[in-house]
There are 2 protein chains.
Amino acid sequence: MCENDRHPFSEAIAAAFLAADEAAARGEVPVGAAVLDPGGALLAVAGNRVEALGDPSAHAELLAMRDAATRLGQSRDRRLRLSGCTVVVTLEPCPMCAAAMEHFRVARVVFGAYDPKGGGVAHGPRLFERAGCLHRPEVIGGVREREAAHLLRAFFMRLRE
Amino acid sequence: MCENDRHPFSEAIAAAFLAADEAAARGEVPVGAAVLDPGGALLAVAGNRVEALGDPSAHAELLAMRDAATRLGQSRDRRLRLSGCTVVVTLEPCPMCAAAMEHFRVARVVFGAYDPKGGGVAHGPRLFERAGCLHRPEVIGGVREREAAHLLRAFFMRLRE
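Just so it is clear, the structure is predicted and the values come from calculations on it, not from any experiment. Numbering of residues begins from 1 in every chain and follows the order in which that chain's sequence is written. Each chain gets a letter, beginning with A, and each ligand a number, beginning with 1, in the order they are written. Local features in this predicted model are restricted to residues whose pLDDT is 70 or higher, and side-chain atom pairs enter the listing and the counts only when it is 80 or higher, whereas totals over whole chains, interfaces and linings include all residues. The side-chain numbers reported here are obtained from all heavy atoms of the structure, hydrogens and water having been left aside.

Quick notes on the UniProt feature "active site" (unreviewed entry) in chain A
All names here are of chain A. Rules: UniProt positions are given in the numbering used here, feature names are shortened, and annotations may be inferred rather than shown by experiment. The secondary structure listing takes helices from DSSP runs of H or I that are at least 4 residues long and strands from runs of E that are at least 2 residues long, numbered from the N terminus. Only heavy atoms matter for contacts: two residues are in contact if any of them lie within 4.5 Å across the pair.
UniProt's feature table lists "active site" (unreviewed entry) at Glu61, given in the numbering used throughout. You can see Glu61 is positioned in helix H4 (residues 60-72). Setting aside anything within four residues of it in sequence, one finds Glu61 in contact with Val31, Ala33, Val89, Pro93, Cys94, Cys97 and Met101.

Listed below in structure tokens is the structure:
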């Protein structure tokens with residue numbers, strides 16, 4: 001616990017994990033995300049809602065970024081999108097969410113478990129590393145990795161039971 | 001006109017172009033998209049709404065796919081997502097929208113203008129060509145390409161005036 005408390009994004013990480021747990025309880029793949037404003041205040045939190053919304057694009061990060069952009073757009077120029085903001089997510093973003101982070105101009109992405117099969121940041125197309133990348137956020141991967149990976153493993157083990 | 005009328009996706013192409021024109025009239029980047037069900041009937045049409053919604057992810061294809069999945073989910077198993085469906089879009093999809101097409105399990109994507117700078121299908125990360133691609137739609141690019149490219153050029157020329 002001490003280790004988590006010292007992490008500069010500990011509040012957002014805790015919120016993302018809680019959202020992932022809540023997603024699992026709804027029968028969703030347990031992924032949670034939180035967005036911090038440039039000052040570090042929590043702007044938005046979301047869990048995966050693919051099943052609930054019948055929307056295969058309703059990934060936690062995309063929902064949280066949309067919500068955060070709406071909130072932030074009320075207090076500053078909307079054209080700034082999420083510049084200066086940090087997205088914290090329990091799983092490495094897929095290519096869709098990673099590419100969305102470019103459109104939202106996210107400053108930093110902090111993620112938990114690596115996703116060798118479905119990830120698009122440290123795996124697969126490694127979108128931020130390509131030559132034509134329009135906006136390249138700072139990436140911090142593997143935060144509370146074991147806990148994040150366990151959450152997913154436990155969910156898929158229950159599905160197979 | 002005869003050439004367009006003969007195209008198997010002529011109705012969807014016309015709908016996508018109309019949605020792109022309407023987007024331009026709202027001050028949006030003029031991109032339009034339409035989704036056809038497996039039988040070829042028009043399921044959903046959308047134009048780019050990034051500015052109107054203050055949502056950088058509100059690209060025409062993503063909006064049309066979400067709408068189409070909701071409609072189709074009322075008459076068949078939602079878990080089929082958009083399998084068997086065709087997405088028609090006036091511009092080569094960006095990496096976010098191309099990756100979303102994998103999640104929606106789109107059967108076919110038909111697009112107009114190629115986008116060497118922002119595209120993710122025939123350019124950039126060429127998402128459907130990567131080894132780990134989860135679902136690979138058939139791709140037909142360059143349909144009514146000149147007209148589609150003109151639409152965008154005219155819009156950006158007006159912006160610069």
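Further notes follow.
What about the UniProt feature "domain: CMP/dCMP-type deaminase" (unreviewed entry) in chain A?
The positions UniProt marks with the feature "domain: CMP/dCMP-type deaminase" (unreviewed entry) are residues 7-122 of chain A. Annotated as 37% helix and 20% strand, the span residues 7-122 of chain A places its first and last C-alpha atoms 21 Å apart.

Points about empty space enclosed by the protein
The test is simple: Every definition here rests on a 1 Å grid over the protein atoms only: cavities are sets of points where a 1.4 Å probe fits but cannot get out, pockets are open sets enclosed by protein on both sides within 12 Å along at least five of seven lines, and lining residues have some atom within 4 Å of a point. Grid points are joined across faces, edges and corners, and a volume is the space filled by probe spheres set on the points. Each residue gets one of three labels, nonpolar for Ala, Val, Leu, Ile, Met, Phe, Trp, Tyr, Cys and Pro, charged for Asp, Glu, Lys and Arg, and polar for the others, Gly among them.
In the structure shown here, the tally under the stated rule is four cavities of 30 Å³ or more. Computed from the structure, the largest cavity encloses a volume of approximately 140 Å³. Taken together, 13 residues line the largest cavity, and the ones lying closest to its centre are A:Arg78, A:Arg79, A:Arg81, B:Gly54 and B:Pro56. Of all the elements in the fold, those that place two or more residues in the lining of the largest cavity are H4 of chain A together with helix H3 (50-53) of chain B. Tallied by class, the residues present in the lining of the largest cavity amount to four nonpolar, two polar and seven charged.

Topic: the pattern of salt bridges
What counts, and what does not: We count a salt bridge whenever a side-chain nitrogen from Lys or Arg sits within 4 Å of a carboxyl oxygen from Asp or Glu.
Going through the model one piece at a time under the given rule, you end up with twelve salt bridges over all chains. One salt bridge in this structure joins A:Asp55 and B:Arg66, with 3.5 Å as the shortest N-O distance. In this pair, A:Asp55 is assigned in the loop between helix H3 (50-53) and H4 and B:Arg66 in helix H4 (residues 60-72), connecting two distinct chains.

Quick look at the relation of the copies chain B and chain A
In plain terms, the rule: Here the copies are matched by least squares. The fit uses the C-alpha atoms of residues with pLDDT of at least 70 in both.
Rotating chain B by 180° and moving it 0.0 Å along the rotation axis overlays it on chain A with an RMSD of 0.0 Å. Here the symmetry operator amounts to a two-fold rotation axis. Among all C-alpha atoms of chain B, that of B:Met96 lies closest to the rotation axis, at 2.2 Å. The residues that chain B uses at the interface reappear at the interface of chain A in 100% of cases, marking a shared surface.

A closer look at the interface of chain B and chain A
Condition: Here the quantity called buried area is the total loss of accessible area, with a 1.4 Å probe, experienced by two parts when brought into contact, counted for both.
Contacts between the two partners involve 26 residues from chain B, matched on the other side by 26 residues from chain A. Counting the surface chain B buries against chain A, the share from its top three residues, B:Pro56, B:Met96 and B:His103, is 24%. Counting across the chain B and chain A interface gives two salt bridges. At six residues, helix H5 (residues 95-104) of chain B tops the list of elements feeding residues into the side of chain B that touches chain A. When grouped by side-chain class, the residues that make up the side of chain B that touches chain A number 15 nonpolar, four polar and seven charged.

What about helix H6 (residues 145-160) of chain A?
At 3.6 residues per turn, the α-helix brings residues three or four places apart onto the same side. All names here are of chain A. Keep this limit in mind: Here a helix's expected span is defined as the number of its residues, less one, multiplied by 1.5 Å. Any residue under 20% of the maximum accessible area for its type is buried, any over 50% is exposed, and the rest in between are partly exposed; the area is computed with a 1.4 Å probe on protein chains only. Here the arc refers to the directions that run from the helix axis out to each C-beta atom.
Here H6 contains 16 residues, and its C-alpha end-to-end distance of 23 Å stays within 8% of the 22 Å for a straight helix at 1.5 Å per residue. For H6, every residue scored as buried is listed here: Ala148, Ala149, Leu151, Leu152 and Phe155. The buried residues of H6 occupy an angular sector of 150° when projected down its axis, which confines them to one face. Residues of H6 that are exposed and point over 90 degrees away from its buried face: Arg146, Arg153, Met157 and Arg160. Residues of H6 that are buried sit in contact with helix H2 (10-25), strand E3 (86-91) and strand E4 (108-113).

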